[in-house]
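Structural description and commentary
For reference, the chains in residue letters:
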Amino acid sequence: MKLMTLLLLFVNLSWAKTFISEGQTFTFETLIERKDVVWGFDFLPDGRMIFSERNGKMVILDLISKKVTELSGIPKVNALGQGGLLDVRVHPDFKKNNLIYFTFSQPVNSKATTAVGRGKLAGEKLEEVKILFSGYEPNDNDIHYGSRLVFDGEGHIFFSMGERDNRERAQDLAYHQGKMLRLNEDGSVPKDNPFVNIKNAKPEIWSLGHRSPQGLVIRTGTKELWEAEMGPRGGDELNLILPGKNYGWPLVTYGREYYGLSIGVKEKSGFENSIIHWVPSISPSAVTFYTGDKFPKWKGNAFLATLSGEHIHRIVLDGNKVIKEEKILDDEDWRFRNVRTGPDGYLYYSTDEGKIGRLK
């Protein structure tokens, strides 16, 4: 019996796919497979993962036993098209407050909008749920909700809202659509937001001119806010987000209409240039900076989860200049939805096919 077990183990190890990046050998492990898009995930202090499914479920995964626990108390979501339960984040002081933050497509009568919620994790339930933000204004489109969420470590949250297929509103400060937004952790508006004192401007706005921003992260060891967003046919971008700045959409873009015509100019004075753009599109859905110790030569590299690109995209930076790019797991034919460094130093990912896995 022991000999058979060893033989099976040898066979499994022999067939495991191995890859090399920067001289480092790694493989990947699928932890669980679900039936829906795993949109967001984060890690609890005890090492368990909390993740969101677009259909409206919030789930806790024990990474050792692989046991999954679905939580109750989640608000109703508009799970149509690209809408549903979106990002989920664990508050940095979770040990003290048990707070979980999340973004979702909030149904508003027959329409929907991007919203931010917060609740306290109590066993298998989210309690004291509060809606901190509801984007203006709801519409009946079912695309471009955004929406990643990050804590800045100074009492604020940043989150993204797509333009909901109302392009002109990405340039209109009277609407939240097509913007990066900033709130205090309790949902109030910081007094130093860039448009607080501008007449008719929504005070939550941090930057404008965004199309479909699904990647958001603060660069390790800095206060820099980085964002990844999708263009139409080309024009996907990685941006360094600065307060009050305009990132162009739809006036400035490398993307083209789906029927071939141009949309705007590629560059223009008064608008921010991207750090890098992609033509054709790779559809970045998340961005992170690797902070683990398992792959020393990846330290500080940016990693993007890509949808149409069907790979994890590694970017090596020298300051803010891209000096190298690499495609990882590009032969699996998966739509990668999220990517993040785990507390164990491995690089975790989720996919639209319902997979949660890690590079190790």
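Residues numbered from 1 in each chain as written. Predicted model: local features only at pLDDT ≥ 70, side-chain atom pairs only at ≥ 80, totals over all residues. Heavy atoms only, no water.

Concerning the overall build of the protein chain
- Per the secondary structure count, the protein chain includes 2 helices and 26 strands.
- Relative to the compact-globule value of 21 Å for 360 residues, the protein chain shows a C-alpha radius of gyration of 20 Å, a close match.
- With the C-alpha coordinates of the protein chain rotated into their principal frame, the extents come out at 75 × 45 × 40 Å.
- Long-range contacts, defined as pairs at least 24 residues apart, comprise 55% of the intrachain contacts of the protein chain with a sequence gap of at least 6.
- Here the protein chain has roughly 16000 Å² of accessible surface; of this, 50% comes from carbon and sulfur atoms.
- The protein chain carries 48 positive and 47 negative side-chain charges, and their two centres are separated by 2 Å. (Helix = DSSP H or I, 4+ residues; strand = E, 2+ residues; numbered from the N terminus. Rg over C-alpha atoms; globule rule 2.2 N^0.38 Å. Contact = heavy atoms within 4.5 Å. Areas by Shrake-Rupley, 256 points an atom, 1.4 Å probe, with all protein chains shown as cover. Lys, Arg positive; Asp, Glu negative; His and termini not counted. Charge placed at Lys NZ, Arg CZ, Asp CG, Glu CD.)

A short note on the sheet that holds strand 10 (residues 111-122)
- Taken in spatial order, the 4 strands line up as 8-9-10-11 in an open sheet, and their pairing is antiparallel. In this open sheet, the two edge strands, each paired with only one partner strand, are strand 8 (85-90) and strand 11 (125-134). When strand polarity is set aside, the average angle formed by the axes of neighbouring strands in this sheet is 25°.
- With 7 bridges joining them, strand 10 and strand 11 adopt antiparallel strand pairing. When the sheet's bridge partners are listed, Arg118 is paired in strand 11 with Lys130. (Pairing = 2+ DSSP bridges. Axes fitted to C-alpha atoms, helices over the stretch in contact; angles between N-to-C directions.)

Quick look at the nonpolar core
- Residues Trp298, Phe303, Ile328, Leu329, Tyr349 and Leu359 are the most contacted members of the largest nonpolar core, which totals 18 residues.
- Elements with a contribution of two residues or more to this core: strand 21 (302-306), strand 24 (336-341) and strand 25 (347-351).
- Once residues within four sequence positions are removed from consideration, Ile328 is found in contact with Phe26, Trp298, Phe303, His311, Ile312, Arg314 and Leu359.
- Counting 17 residues, the second-largest nonpolar core is a separate cluster that includes Met58, Phe102, Phe104 and Leu126. (Core = buried A, V, L, I, M, F, W, Y, C linked by side-chain atoms within 4.5 Å. Buried < 20%, exposed > 50% of the residue type's maximum accessible area, 1.4 Å probe, protein only.)

Observations regarding a nonpolar patch on the surface
- Judged by side-chain polarity, Tyr258, Tyr259 and Leu261 come together as a nonpolar surface patch covering roughly 420 Å² of accessible area.
- Within the secondary structure, Leu261 sits in the loop between strand 18 (236-241) and strand 19 (276-278). (Patch = residues over 30% accessible without salt bridge, like charges linked within 9 Å, V, L, I, M, F, W, Y side chains within 5 Å. Salt bridge = Lys/Arg side-chain N within 4 Å of Asp/Glu carboxyl O.)

So, the sheet that holds strand 25
- Taking strand neighbours across the sheet as the criterion, the 4 strands line up as 3-26-25-24 in an open arrangement whose pairing is antiparallel. Lying at the two open borders of the sheet, with one neighbouring strand each, are strand 3 (28-33) and strand 24. Ignoring which end each strand starts from, the neighbouring axes of this sheet average 20° apart.
- Direction of pairing for strand 24 relative to strand 25: antiparallel, over a ladder of 5 bridges. Across the sheet, Phe336 pairs through a bridge with Thr351, a residue of strand 25.

So, the packing of aromatic side chains
- For the structure shown, the criterion picks out 21 aromatic pairs.
- Summarising the aromatic geometry, the rings of Phe19 and Phe28 are spaced 6.1 Å apart at their centres and angled 35° between planes, so their arrangement reads as tilted. Accessibility classification places Phe19 together with Phe28 in one group, the buried group.
- Ring geometry for Phe336 and Tyr349: centres 5.4 Å apart, planes at 75°, overall edge-to-face. In this pair, Phe336 is assigned in strand 24 and Tyr349 in strand 25, connecting sequence segments 13 residues apart. As far as the burial class goes, Phe336 and Tyr349 line up, both buried.
- Put simply, the rings of Phe19, Phe26, Phe28, Tyr290, Phe295, Trp298, Phe303, Trp334, Phe336 and Tyr349 pair up and form one aromatic cluster.
- The ring of Tyr145 has Arg164 sitting right over it, with the charged end atom 4.1 Å from the ring centre. (Phe/Tyr/Trp six-rings, centres within 6.5 Å; stacked < 30°, edge-to-face > 60°. Lys NZ or Arg CZ within 6 Å of the ring centre and 35° of its normal.)

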